[in-house]
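Residues per chain are reported as follows:
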Amino acid sequence: MSIAQKIHLSEPQFNRLSKVIYDRSGIHFPEAKKYILESRLSHRLGELEMEDFDQYINYLTMGPYQMDEFQEMFNRITINETSFFRNDAQLGVFERRILPEIMERRTNKRLRIWSAACSSGEEPFTIAMLLHRTLGVRLPDWHIEILGTDISEKALNVAHDGLYSQYAMRQTPQLIKDRYFKDEGRNFRLSDEIRTMVSFERHNLKDRLAAKRHGTWDIIFCRNVLIYFDDPMKEGVLKMFHDQLAEDGTLFIGHSERIKDLNHGFEALPIPEGFCHQKQDYIASQQGAAA
Ligand SMILES: C[S@@+](CC[C@H](N)C(=O)[O-])C[C@H]1O[C@@H](n2cnc3c(N)ncnc32)[C@H](O)[C@@H]1O
């Protein structure tokens, strides 16, 4: 069988496969997205010389290589769409409002930022460039930790290489391109001064224990991934962020993500373009102090 051939994913097979994916990652594939699994995984079945999806699901769930195969599958089925300087207005709120406020409170000059579900690194590297630009010569006075995590190893490998296409740069201001990238013709290479500010690790947002091991963060970015989850998974992830965020920390989510009606302990700040949230208890304590 040719590895390019599309293999039919029947409804019962889709139900089984989407449940396995959901249980492992929280990613919810509605029936309307069946074609994504069919088209992206048919090629994998071809590589494994498998005739149908029943065989693949058994291999995925029962075979000796199941952990490796889950990774392989997530490399193929996740949507890794991202870019540098994605949502400029929101980043402006981060740079000009949230960052100066928290830096003033951090007299120990330590700051920890987590970019959760960072895909190929454009988001945490953008955060690093903003910090580099904001702090300038004061940067060495600070101990700054920026961690980018994602479930897809393939996406993280791009981040490790630090080499980006024109497409990834489509929203990057020219001044930033000139300052932090080397134009290598087809691609742009990110400078070492920014690359070394960020570390990367594979992490599944379902894994609360691993998140706990990373300790407490001052700022968490988790943008454009909650849209792939259903409400119980969103609540679980938001509660995990609540546990891992400092009392006065801030959570940034994607502009199309609505979490208002869910149970998580966060409250949105009244900045329409910010899509940023702080803990309800912290906001209440601030309001109490101001009254
Ligand atoms: C559309 S990208 C968003 C990237 C970046 N945050 C942004 O806004 O530009 C969504 C990312 O979420 C990751 N993802 C999906 N489910 C995940 C999970 N359970 N744990 C960790 N990452 C996940 C995907 O691999 C993908 O790279």
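Above this text you will find the structure in question.
Because the structure is a prediction, the values reported are computed rather than measured.

Please set out the sheet that holds strand β5 (residues 187–190) residue by residue, giving values where relevant.
One open sheet accounts for three strands, arranged β3-β5-β4; its pairing is antiparallel. Edge strands, defined here as strands with exactly one partner in the open sheet, are β3 (163–165) and β4 (181–183). The mean inter-strand angle of the sheet, taken between neighbouring strand axes irrespective of direction, is 30°.

Tell me about the site of the ligand, and please be specific about residues and values.
In the vicinity of the ligand, 21 residues are found, and the nearest of them are T82, R86, D150, L205 and N224. Residue S25 places a main-chain N or O atom 2.9 Å away from a nitrogen atom belonging to the ligand. D150 places a side-chain nitrogen or oxygen 2.6 Å from an oxygen atom of the ligand. Taken by itself the ligand offers 610 Å² of open surface, and the protein chains cover 99% of this. Looking at side-chain class alone, the shell around the ligand contains seven nonpolar, nine polar and five charged residues.

Outline the nonpolar core, listing residues and values.
Membership of the largest hydrophobic core comes to 45 residues, with the highest contact counts inside it found for L17, I21, L37, M73, W114, L205 and F241. When residues of this core are traced back to their parent elements, those giving at least two are α1 (11–25), α2 (34–47), α3 (53–62), α4 (66–77), β1 (110–116), β7 (217–222), α11 (231–244) and β8 (245–253). Of all the elements, α11 adds the most residues to this core, at five residues. Both domain 1 (11–77) and domain 2 (88–290) contribute no fewer than three residues apiece to this core. Excluding residues within four positions of it along the chain, L205 makes contact with W114, A116, A117, C222, V225, F229, M233, V237, M240 and F241. Judged by nonpolar contacts, the second largest core, of 43 residues, contains F85, I102, M169 and F221.

Go over the sheet that holds strand β10 (residues 276–279) with me, naming the residues and quoting the values.
Hydrogen bonds between backbone atoms are what pair the strands of a sheet, whose relative direction is either parallel or antiparallel. Taken in spatial order, the seven strands make up an open sheet running β6-β2-β1-β7-β8-β10-β9, and their pairing is mixed. Of all the strands in the sheet, the pair left with one neighbour each is β6 (198–202) and β9 (266–268). For this sheet the average axis-to-axis angle between neighbouring strands, irrespective of direction, equals 25°. Where β1 and strand β2 (residues 143–150) come together, seven bridges link them in parallel fashion. Looking at β2, one finds that I113 is bridged to I146. Helix-sheet contacts for helix α12 (residues 280–290) involve β8, β9 and β10, and the interaxial angle to β10 is about 80°.

What counts and how
- Within each chain, residues carry numbers counting from 1 in the order of the written sequence.
- Note on the predicted model: pLDDT of at least 70 is required for a residue's local features to be given, and 80 or more for side-chain atom pairs to be given and counted; whole-chain, interface and lining totals, by contrast, use all residues.
- With hydrogens and water excluded, all non-hydrogen atoms of the structure serve as input to the side-chain values.
- Two strands form a pair only when DSSP identifies at least two bridges running between them.
- In this description a helix means any DSSP run of H or I spanning at least four residues, a strand means any run of E spanning at least two, and both kinds are numbered starting from the N terminus.
- To get an axis, fit a line to the C-alpha atoms, keeping to the stretch in contact for a helix; angles then go from 0 to 180 degrees between the N-to-C directions.
- Residues are classed as near a molecule or strand on a simple rule: at least one heavy atom within 4 Å of it.
- Between N or O atoms, a polar contact is any pair within 3.5 Å; within protein, one atom must be a potential hydrogen donor and the other a potential acceptor, and residues adjacent in sequence are included only when both atoms are from side chains.
- Throughout, the Shrake-Rupley method with a 1.4 Å probe supplies accessible areas, and for residues the shown protein chains are the sole cover considered.
- Put simply, Ala, Val, Leu, Ile, Met, Phe, Trp, Tyr, Cys and Pro go in the nonpolar bin, Asp, Glu, Lys and Arg in the charged bin, and everything else, Gly too, in the polar bin.
- The nonpolar core is taken to be a set of buried Ala, Val, Leu, Ile, Met, Phe, Trp, Tyr and Cys residues, with the residues joined through side-chain atoms within 4.5 Å.
- In this scheme, a residue with accessible area under 20% of its type's maximum is buried, one over 50% is exposed, and one in between is partly exposed, where area comes from a 1.4 Å probe on protein chains only.
- Start and end positions for the domains come from either an automated domain assignment or a database one.
- Contacts are assigned to residue pairs that have any heavy atoms within 4.5 Å of one another.

In short, geometric facts, not functional conclusions.
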